[in-house]
Amino acid sequence: MSARSALPVIATAAAAALLIGCTSTKPSDSGGPDINLVKSGKLTTCTHLPYPPFQSRQGKKIVGFDVDLVDLVASELKVKQEIVDTPFEGIQSGEDLNTSTCDVAAAGMTINAVREKNLDFSRPYFDATQALLTRKGKPYRSLADLKGKRLAVQQGTTGETYAQKRAVGATLVQFEDLGLLVSAVKTGQVAAGINDNGVLYDYVKDNPDTEVTAEFSTGETYGIAVRTGNDALRKKINQVVGDAKKDGRYEKIYRKWFGTAPRS
């Protein structure tokens, strides 16, 4: 999720020891140097649900923009993607990667300096920014309009960090995930909510009694994360996504989930 923010990673000898048991895809089936995987025949992805359209449940399946992108990497490695739903803090702190819960983290996650101390990111694959969600017709068009009001933020996100610095006079109400945040806005528990523009625009499509009333230029970009030092897998992700942008597969996936061409 982008916009999900960061606490320092707690590295332990036990966590490091768990890495020794990883399986490996060989050059013949990975298209490159040996790439260690935590499960044989699987590219295991940690994410935090729900965060549509990047990842969400659809029946028994988990689908989304991030899911489709990582599927391209899995296909290149000749394995299947397996998705693990886990609290976001374990993703951004690096704990889930360091303890071999997953190979990659794809969670609509903004690249920032704090997270880069805990994770190694791919090149950016999506441009994002923060936005404001309100109920339809409410007069909240800026953070200044929320002075004395309750503003929903998602725990551990860059949206929360942005609001802490700029929503002067607003009372911040913290929610664990996006679903709880948007529900609080829709039901009037809070005056507004702040989160990434992509997920909020996706929400209002199916909830016309809500609207996005403002965007804040934060210059954020999302990256797919791997364990620090896992250069072979990081380079493979960069190669696959780069190729997909050149041959049109990235644009096809982007249009599928956002209904428009990616920003140039």
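Note that the structure is predicted; figures quoted are calculated from it, not measured. (Residues numbered from 1 in each chain as written. Predicted model: local features only at pLDDT ≥ 70, side-chain atom pairs only at ≥ 80, totals over all residues. Heavy atoms only, no water.)

## With respect to helix H10 (residues 249-258)
Applied cut-off: A simple rule labels every residue: compare its accessible area, found with a 1.4 Å probe on the protein chains alone, to the largest value its type can have, and call it buried under 20%, exposed over 50%, or partly exposed in between. Each helix corresponds to a stretch of at least 4 residues labelled H or I by DSSP, and each strand to a stretch of at least 2 residues labelled E; elements are numbered beginning at the N terminus. As used here, the arc is the angular range of directions from the helix axis to the C-beta atoms. The contact criterion used is simple: two residues touch if any of their non-hydrogen atoms lie within 4.5 Å.
Every buried residue belonging to H10 is among Tyr 250, Ile 253, Tyr 254 and Trp 257, and all of these are buried. For H10, the angular spread of the buried residues around the axis is 100°, confining them to a single face. Exposed positions of H10 whose direction lies more than 90 degrees from the buried face are Lys 252 and Lys 256. On its buried side, H10 packs onto strand E5 (61-63), helix H3 (65-77), strand E9 (126-135), helix H8 (197-206) and helix H9 (231-247). Of the residues one or two after H10, Gly 259 is the one with positive phi, at around 70°.

## Brief notes about the sheet that holds strand E10 (residues 150-154)
Heads up, the condition is: Pairing between two strands is assigned when DSSP locates at least 2 bridges connecting them. Axes here refer to lines fitted to C-alpha atoms; in helices the fit is confined to the stretch in contact. Angles between the N-to-C directions go from 0 to 180 degrees.
Within the open sheet, the five strands sit side by side as E11-E10-E12-E9-E13. Their pairing is mixed. Edge positions in the sheet fall to strand E11 (171-175) and strand E13 (210-222), since each has one partner strand and no second. Strand-to-strand twist of the sheet, defined as the mean angle between neighbouring strand axes without regard to direction, takes the value 25°. Of the strand pairs in this sheet, E9 and E13 are connected by nine bridges, and their pairing is antiparallel.

## Focus on the environment of Thr 101
Summarising the element assignment, Thr 101 is placed in the loop between helix H5 (95-98) and strand E7 (104-105). According to the relative accessible area criterion, Thr 101 is partly exposed, its value standing at 29%. Remark: the alpha-carbon pair of Thr 101 and Lys 39, spanning 62 residues in sequence, is separated by 9.6 Å. Setting aside residues up to four positions removed in sequence, Thr 101 forms contacts with Thr 44, Cys 46, Val 84 and Asp 96.

## Some words on the packing of helix H7 (residues 178-186) against H8
The following threshold applies: Orientation is classified from the angle alone, with under 35 degrees giving roughly parallel, over 145 giving roughly antiparallel, 65 to 115 giving roughly perpendicular, and any other angle giving oblique. Here a crossing is called left-handed whenever its near helix is offset anticlockwise from the far helix by less than a right angle, and right-handed whenever the offset is clockwise. Here the term charged refers only to Asp, Glu, Lys and Arg, the term nonpolar to Ala, Val, Leu, Ile, Met, Phe, Trp, Tyr, Cys and Pro, and the term polar to all other amino acids, Gly among them.
At a closest axis distance of 12 Å, the pairing of H7 and H8 adopts a crossing angle of 55°. By the angle between their axes, H7 is oblique relative to H8. When you trace H7 past H8, the crossing you get is right-handed. Contacts between H7 and H8 involve Leu 178, Val 182 and Lys 186 from the first element and Val 199, Leu 200 and Tyr 203 from the second. Here the contact of H7 with H8 is built from residues that sort into five nonpolar, no polar and one charged.

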